[in-house]
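Listed below, chain by chain, are the residues.
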Amino acid sequence: MKATRVSAGVAAVLLMIGVARGAEAPAGASSCTGCHSAPSGVSAMRRLSGLPQAEIADKMIAFKSSAATATIMDRIAKGFSDEEIRAIAAWYAAQKP
Amino acid sequence: MTCSRKSRRDVLKAASAVALFPLPAIAQGRGPRVVVIGGGFAGATAARFLKRVDAKIDVTLVSDNATFIACPFSNHVVAGLRDMEAQRFGYGKVAADGVTLAFSAAQAVDTDKRSVRLADGKALPYDRLILAPGIDIDWKGLRGYDEKAAAVMPHAWKAGEQTLLLRRQLEAMEDGGKVVMSSPATLVRCPTAIYERASLIAYYLKTKKPRSKLLILDAKDTFSQRRNFQNAWKELYPTQLEWISLSQGGNVSSVEVSTRTFVTDFDNFDADVANVIPPQKAGAIAQAAGVADRTGWCPVEPISFESQLVPGIHVIGDAAMTGAMPKAAFAANAQAKVCAVAVAALLRGGKPAEPRLINTCYSFVAPDYGISFAEVFKPGNGMLVDVEGAGGSSATDAPPETRRLEAQYAEGWFKAIITEVFG
C-alpha cells in the first residue's frame, strides 16, 4: 500500500518532469502564447505558464460550453476536445512561470 | 592476423569517415544550420523558437533593417491616436537567445548548394531555410500606381514612412475634405485592417474635421466581420463613412496621380487624401528562390510549412499560402512556432507531429470599441482547413461593455505578442 503510494508519487513526479522536459507541446498549445505570454500587469491576458492544470482546463471547458462568459475564448475553445484541452493545460502547468 | 585486424579497423574508419562526410555539421561537431530571412512576426519568432527547441541549431536571422516597424496598431498612428515610436522594436533580445543577426537584404538563394547570398556579399549556407519575407507591393497590379504614385497616394500597407505620410496628409487636409480609400479584389496582408483603417480615419474626421467624408471603393461585395463593421459605422459615423461595394461600382481599375483620382468602371472619384490598398505578392526573395507560384504567393504543406515547390525551404507568415489561414500577425507568430518545432524534428531525422493552429484578429472601429475574429486550423487535403464548429466573429448584438473589453484585449494581444517576439 505504502509502496504503491510512493511509486504513484514517483510516477507523478516523473510525469511532471516528462511534461516539463518533453520539448513537444501538444497540438495547438504553441498558439496560446500569441496572447497569453506577457507577465502580469503588462497585458490584460494572463500568462499560462505555471498556472495549475485544473485552473486552465476547467476554464477552457467552461468557455466551450458557454458556462463561463467570454469575449473570444468560447470561439477558440470549441476547436479542441476536453482531452486536448487537458493535455494543453498539463503542458502549461509544467512550464516555468 | 594483427595486420589484417588493423587493416579492418582502417577500413571501418574510412567507411565511417565516408558515411560522415555528407553530414559536415556532425563531422565538425557543430549543430545544423538554419537561416531565417525576414525579421517580422513570423521570422523573429521562428528564429527564437528554433534556439528554444534545440540550442545546438545554428540560427541566423537575416533582416533588411535593425529596427522592426510593426503594422498592427499602425492604423492608430495614421489616425493620430498613437506615436510611431510605439511601433518600433529592436532585435536585442533575439540576439540574447543565441540567434546570429545579419542586417542585410537577402538577394538570392542557391537551392542546389543550399546557400543564401546577401546584398553585402556574404554567403550563408543552410541545412534548412525559413523564408518570412512578408509582402511586396505588386507595382504592376493597378494601372497608374507605381512607386512614384505612392509618394502622392500612399498605401501605408508596410508600416514606416508611408504610415506617417498618410497621417500628415490627413492632418493637412481642410475640414470638408474628401478621403478616398481603394481596396483590391485579390489577397492582401490583413484584409480586415482595411476596414479598421477606414473606421479610425472616420473617427479622426468625426472628432477633428466633422464636415469631411471618407469613401471606401471596394472591389469586393463582402469582407470579414462586415456586419459588425457596418453596424458600428451606422451608429458611430453615419455621415463620415460610406462603403461602395463591387456591385455598387466600387471596383477601381486605375488611378490618376496628378489629380488624385480613382477611376472605376462607371465613375471618377477625386480625393483630397487618397489611400490606395494596392495588389500585393510575397516578398522579393520568395520570388527569387522560386517558392512563389503564379499567384505571387508561396504554396506550403500544412505540417512543417515546407514549400510545395522547393524542398528544404519553409515559408511562413504573409508570404505563405496555407489554405484557410489569413495573412495576419497572430497567424504568422503561430505558424512560426509550429514551423520551428517541425524544422528541428526534420533536422534530427524525425517526423513532425500534426499541428493545430489558432488565429485571432482584433479590429478597432473606435478607440474603445473592439471586435474580433478567431479561427482554429488543422491540416486537411494538403493545406490548413478550419476546424468545424470553432471560431467566428464577435456577436453582432454584443453590449458596449463587450466592445470595450475587446478593445482592451486587442491592446493586451499586441503587448503579449511583442513580448514573445521582441521582448
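Refer to the structure printed above.
Computed from a prediction, not measured in an experiment: that's the story for all the values here. (Residues numbered from 1 in each chain as written. Chains lettered and ligands numbered in written order. Predicted model: local features only at pLDDT ≥ 70, side-chain atom pairs only at ≥ 80, totals over all residues. Heavy atoms only, no water.)

### Brief notes about the overall build of chain B
So, point 1. The helix and strand tally for chain B stands at 12 helices and 25 strands.
So, point 2. Along the first, second and third principal axes, the C-alpha set of chain B runs to 100 × 45 × 40 Å.
So, point 3. Out of the 423 residues belonging to chain B, those deemed buried represent 55%.
So, point 4. Contacts in chain B between residues far apart in sequence, at least 24 positions, make up 65% of those at least 6 positions apart.
So, point 5. For chain B, the exposed surface amounts to about 18,000 Å²; the carbon and sulfur share of it is 52%. (Helix = DSSP H or I, 4+ residues; strand = E, 2+ residues; numbered from the N terminus. Buried < 20%, exposed > 50% of the residue type's maximum accessible area, 1.4 Å probe, protein only. Contact = heavy atoms within 4.5 Å. Areas by Shrake-Rupley, 256 points an atom, 1.4 Å probe, with all protein chains shown as cover.)

### Concerning the packing of aromatic side chains
Residues and elements named next belong to chain B.
So, point 1. Inspection of every chain in the model, using the stated rule, returns 18 aromatic pairs over all chains.
So, point 2. Measuring from centroid to centroid gives 5.1 Å for Phe-68 and Phe-422, while their planes differ by 20°, and the two rings are stacked. Highlighted residues: Phe-68 in strand 3 (residues 67–69) and Phe-422 in helix 12 (residues 400–422), separated in sequence by 354 residues. Accessibility classification places Phe-68 together with Phe-422 in one group, the buried group.
So, point 3. A connected cluster of aromatic rings, assembled from ring pairs, spans Phe-41, Phe-68, Phe-73, Phe-89, Tyr-91, Phe-103, Phe-364, Trp-413, Phe-414 and Phe-422.
So, point 4. Above the ring of Phe-49, the side-chain terminus of Arg-52 is found at 4.5 Å from the ring centroid.
So, point 5. A cation over a ring is seen here: Lys-327 above Trp-297, with NZ or CZ 4.0 Å from the ring centre. (Phe/Tyr/Trp six-rings, centres within 6.5 Å; stacked < 30°, edge-to-face > 60°. Lys NZ or Arg CZ within 6 Å of the ring centre and 35° of its normal.)

### Section: the interface of chain A and chain B
Interface size is often expressed as the accessible area that is lost when the parts come together.
So, point 1. The partner chain B presents 38 residues to the 23 residues of chain A that form the contact.
So, point 2. A combined buried area of about 2,400 Å² lies between chain A and chain B, and 61% of that area is made up of carbon and sulfur atoms.
So, point 3. Broken down residue by residue, the surface that chain A buries against chain B is led by A:Ser31, A:Thr71 and A:Arg75, which jointly contribute 25%.
So, point 4. With a shortest N-O distance of 2.6 Å, B:Arg356 and A:Glu84 are connected by a salt bridge.
So, point 5. Here chain A is connected to chain B by 12 residue pairs in polar contact (both at pLDDT 80 or more).
So, point 6. Mapped by element, the contributors of at least two residues to the side of chain A that touches chain B are helix 2 (29–32) and helix 4 (73–77) of chain A.
So, point 7. When grouped by side-chain class, the residues that make up the side of chain A that touches chain B number 10 nonpolar, nine polar and four charged. (Buried area = accessible area lost by both parts, 1.4 Å probe. Salt bridge = Lys/Arg side-chain N within 4 Å of Asp/Glu carboxyl O. Polar contact = N/O pair within 3.5 Å; in protein donor to acceptor, adjacent residues only side chain to side chain. Nonpolar A, V, L, I, M, F, W, Y, C, P; charged D, E, K, R; others polar.)

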